Amino acid sequence: MLLQCVVLCSLLAFVVSVASTSPLVGVHPLDEKYFESDIIRCKDGSKSFHRDRLNDNFCDCLDGTDEPGTSACPNGKFYCRNIGSSPKFVYSSRVNDGICDCCDGSDEYESSIGCPNTCVMGGNVNYIYKPRTKLKSVDRKLGSTTSLKDSNTFVNLQDMFKNLQGMKLVFALQLVLIGFLLILWMLRRRARSKRRRKNLPLIRSAN
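If you look the protein chain up in an unreviewed UniProt entry, it shows as Glucosidase 2 subunit beta-like from Camelina sativa.

## Describing the pattern of salt bridges
Enumeration over the complete set of coordinates arrives at three salt bridges. Here D31 ties to K43 by a salt bridge, and the two come within 3.2 Å at their closest N and O atoms. Here the residue D31 occupies a position in the loop between helix 1 (2-21) and strand 1 (39-41), and K43 occupies one in the loop between strand 1 and strand 2 (48-50), the gap between them amounting to twelve residues. Take K43: its relative accessible area is 48%, and that puts it in the partly exposed class.

## Things to note about the nonpolar core
Among the nonpolar cores identified, the biggest contains eight residues, and these are L24, V27, F35, I40, C42, F49, L54 and C61. If near-sequence neighbours (up to four positions away) are discounted, C42 is found in contact with Y34, K47, F49, C61, D63 and T65. Of all hydrophobic cores here, the second largest spans six residues; its members include C80, V90, V95 and C102.

## Considerations on the pairing of strand 4 (residues 88-91)
Only one face of strand 4 is covered, namely the one carrying K88 and V90; the face carrying F89 and Y91 has none of its residues buried. Taken together, the four bridges between strand 3 (residues 77-80) and strand 4 define a ladder with antiparallel strand orientation. Bridging across to strand 4, K77 finds its partner in Y91.

## Quick notes on the state of the cysteines
As enumerated under the stated definition, the model contains five disulfides in all. With a sulfur-sulfur separation of 1.9 Å, C42 is cross-linked through a disulfide to C61. Its S-S torsion of approximately -70° makes the covalent link between C42 and C61 left-handed. Remark: C61 occurs in the loop between strand 2 and strand 3 and C42 occurs in the loop between strand 1 and strand 2; sequence separation between them is 19 residues. Each member of the pair, C42 together with C61, is buried.

Cut-offs used in this document
Residues numbered from 1 in each chain as written. Predicted model: local features only at pLDDT ≥ 70, side-chain atom pairs only at ≥ 80, totals over all residues. Heavy atoms only, no water. Salt bridge = Lys/Arg side-chain N within 4 Å of Asp/Glu carboxyl O. Helix = DSSP H or I, 4+ residues; strand = E, 2+ residues; numbered from the N terminus. Buried < 20%, exposed > 50% of the residue type's maximum accessible area, 1.4 Å probe, protein only. Core = buried A, V, L, I, M, F, W, Y, C linked by side-chain atoms within 4.5 Å. Contact = heavy atoms within 4.5 Å. Pairing = 2+ DSSP bridges. Disulfide = S-S within 2.5 Å.

Structure, rendered in structure tokens:
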């Protein structure tokens, strides 16, 4: 059992090291023949590029054909082999961004966080990287940026914020109304005091 674990770990380490140094990193195995020629055509047919420009961190094709293993093209996709689990594609913008999206850690081949290989844990486990300076965790998946619980919490916060804004408006209107009534009361009191002052000499003369 121990020997099998050692062999499996060695095999996985070899695959990750090969993937990190190969110019075809992030390429689906079925597309490897597509990149064998010296002159490669963009899959959208817009232009062609030399094989030396493959994964050179400069976007030549709008569809990201020439940058499957970097984050240079916004429309590109990175292929996670995830040996021992389920392979998948992630957006190229998530390559070397400091977050482990592939369970084999192949999407962070040039970053310094050191993604552990969690593919052998019995599933496509997303590793949550927690920096030492911050205790915030990030768990991102393809096509979904937040979980259902997080989205519900966000909606509740929005509703609470709107309610607070409504309460502030009502409170401001109440203050304006109270101020207006107070001004009317003061003006009325002054008018009464003036009347009394005018009537006071008449009362004294009558007496």
